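Each chain, letter by letter, is given below.
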Amino acid sequence: MRTLRWAQRALIVLVATLPLLLVTLAFVPALLVLPFRRERAAHTQAMVRQLSAWTRVLLLSSRER
């Protein structure tokens, strides 16, 4: 039974990681350009905070309760 739970969690994390990776790859061009423009620094920080939040949610939701 524990093996089944572990396998389910691993599958959920794998499935949830794919969209996160796609979004992160989509952000890469913006993260390479925006920090060099002063008026866009706050926007860049917000994007990084959002990526961090999504990653944190993904990792915390995969933990056993």
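Residues take numbers from 1 onward in each chain, read along the sequence in its written order. Confidence filtering applies because this is a predicted model: local features only for residues at pLDDT of at least 70, side-chain atom pairs given and counted only at 80 or more, and all residues used for totals across whole chains, interfaces and linings. The side-chain figures draw on all heavy atoms in the structure; neither hydrogens nor water molecules are used.

A. Focus on helix H2 (residues 41-61). The way it works is that DSSP assigns letters per residue, a run of H or I at least four long becomes a helix, a run of E at least two long becomes a strand, and they are numbered from the N terminus. To estimate the expected span of a helix, count its residues, drop one, and scale the result by 1.5 Å. With 21 residues, H2 extends 30 Å between its outermost C-alpha atoms, agreeing within 8% with the 30 Å of an ideal straight helix rising 1.5 Å per residue. For every residue, the accessible area obtained with a 1.4 Å probe (protein chains only) is divided by the maximum for its type, and the residue is called buried under 20%, exposed over 50%, and partly exposed between those limits. Buried residues of H2: Thr44, Met47, Leu51 and Leu58, and no others. Within H2, the buried residues cover an arc of 60 degrees as seen down the axis, which keeps them to one side. Exposed and oriented more than 90 degrees from the buried face of H2 are Ala42, Arg49 and Val57. By definition, residues are in contact when any of their heavy atoms lie within 4.5 Å. Where the residues of H2 are buried, they touch helix H1 (2-33). The arc under discussion is defined with respect to the helix axis, by the directions toward the C-beta atoms.

B. Region of the structure containing a nonpolar patch on the surface. A cluster of nonpolar residues, Leu25, Val28, Leu32 and Val33, forms a patch on the protein surface that exposes about 380 Å² of accessible area. In this structure, Leu32 sits in helix H1. Owing to a relative accessible area of 58%, Leu32 belongs among the exposed residues under this scheme. Like charges within 9 Å and nonpolar side chains (Val, Leu, Ile, Met, Phe, Trp, Tyr) within 5 Å are joined into patches, using only residues over 30% in relative accessible area that form no salt bridge. Per-residue and other accessible areas follow the Shrake-Rupley method at a 1.4 Å probe size, with only the shown protein chains counted as cover for residues. By definition here, a salt bridge exists when the distance from a side-chain nitrogen of Lys or Arg to a carboxyl oxygen of Asp or Glu is within 4 Å.

Without other data, these values stay purely geometric and don't point to any function.
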